[in-house]
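Examination of the molecular architecture
Given next are the chains, with one letter for each unit.
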Amino acid sequence: EQAGAPLQAMPEKDEQQDAGYHLKLAYHYGRTHNKTKQRAYYRKAAEVAQAQYANEVAIEYWGRLLQLLSTGERVAVLLKLAEVYGHTGQEAKAEETCKQAIEIAGTLHDTTLLARSHAALASVSTQQSEFSSTVRAADTARRRYAEAVVQEGLAAGSGRRGPATRVQLGSKPRDATSGTHHPTR
């Protein structure tokens, strides 16, 4: 656990000056049993590597981070990983990674994550010049974003936070006081 302590005690440098700082911390905490520090420094190392187009290093640390995350936390990291795969010409891996994110987001019933995952898949399909797949994925992303907006609006109106009851898009809203349907606006 003390492997990264001397490095961590050093003042944090500007990432442009010393990108290796986070990579060193990730490496050293990777040799410990401190999962909290591993998650923090694997994420930072992956972000710094991705920002500097050190794609293989980014792939390595995003992959290490995935192994430490709960199911709910995995989608955002999978999308980052898919982005790197796309930048490196590994479109098949990028597509498979987006599909994993879609599957997880679906099991979580999280329409915002589903929308983000479908949008990422649309981007990958565009890189592969599979424009019919791009249109399908983009349309699905658009619908999921619309669902998320409706759900968030319902949650805000009820004073609750988080996902609200599912609403079928295109259905007519029901007046809560009279029980009558009104045309969709």
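Quick note: structure is the one above.
Only a predicted model underlies this, so the values are computations on that prediction, with no experimental measurement involved.

Note on helix geometry: an α-helix contains 3.6 residues per turn, so any two residues three or four positions apart are oriented the same way. Helix length check: helix 6 (residues 91-108) (18 residues) gives 26 Å between terminal C-alpha atoms against 26 Å at 1.5 Å per residue, within 8%. Taken as a whole, helix 6 has its buried residues at Ala94, Thr97, Cys98, Ala101, Ile102, Ile104 and Ala105. Where helix 6 terminates, the next one or two residues include His109, which has phi positive at roughly 55 degrees.

Here we come to the packing of helix 5 (residues 71-87) against helix 6. The N-to-C vectors of helix 5 and helix 6 enclose an angle of 160 degrees; their axes lie 8 Å apart at closest approach. For the element pair helix 5 / helix 6, the angle class is roughly antiparallel. Crossing of helix 5 over helix 6 shows left-handed handedness. Where helix 5 approaches helix 6, its residues Thr71, Gly72, Arg74, Val75, Leu78, Leu79, Leu81, Ala82, Tyr85 and Gly86 are matched on the opposing element by Glu91, Lys93, Ala94, Thr97, Cys98, Gln100, Ala101, Ile104, Ala105 and Leu108. Tallied by class, residues from the contact of helix 5 with helix 6 come to 12 nonpolar, 5 polar and 3 charged.

Note that Thr97 resides in helix 6. Within the local environment of Thr97, its side chain forms a polar contact with the backbone oxygen of Lys93, the two atoms lying 2.7 Å apart. Excluding anything up to four places from it in sequence, Thr97 contacts Leu78, Leu81, Ala82 and Tyr85.

Rules used in this analysis
- Residues numbered from 1 in each chain as written.
- Predicted model: local features only at pLDDT ≥ 70, side-chain atom pairs only at ≥ 80, totals over all residues.
- Heavy atoms only, no water.
- Helix = DSSP H or I, 4+ residues; strand = E, 2+ residues; numbered from the N terminus.
- Expected span 1.5 Å × (residues − 1).
- Buried < 20%, exposed > 50% of the residue type's maximum accessible area, 1.4 Å probe, protein only.
- Axes fitted to C-alpha atoms, helices over the stretch in contact; angles between N-to-C directions.
- Parallel < 35°, antiparallel > 145°, perpendicular 65-115°, else oblique.
- Left-handed = near helix turned anticlockwise from the far one by under 90°.
- Contact = heavy atoms within 4.5 Å.
- Nonpolar A, V, L, I, M, F, W, Y, C, P; charged D, E, K, R; others polar.
- Polar contact = N/O pair within 3.5 Å; in protein donor to acceptor, adjacent residues only side chain to side chain.

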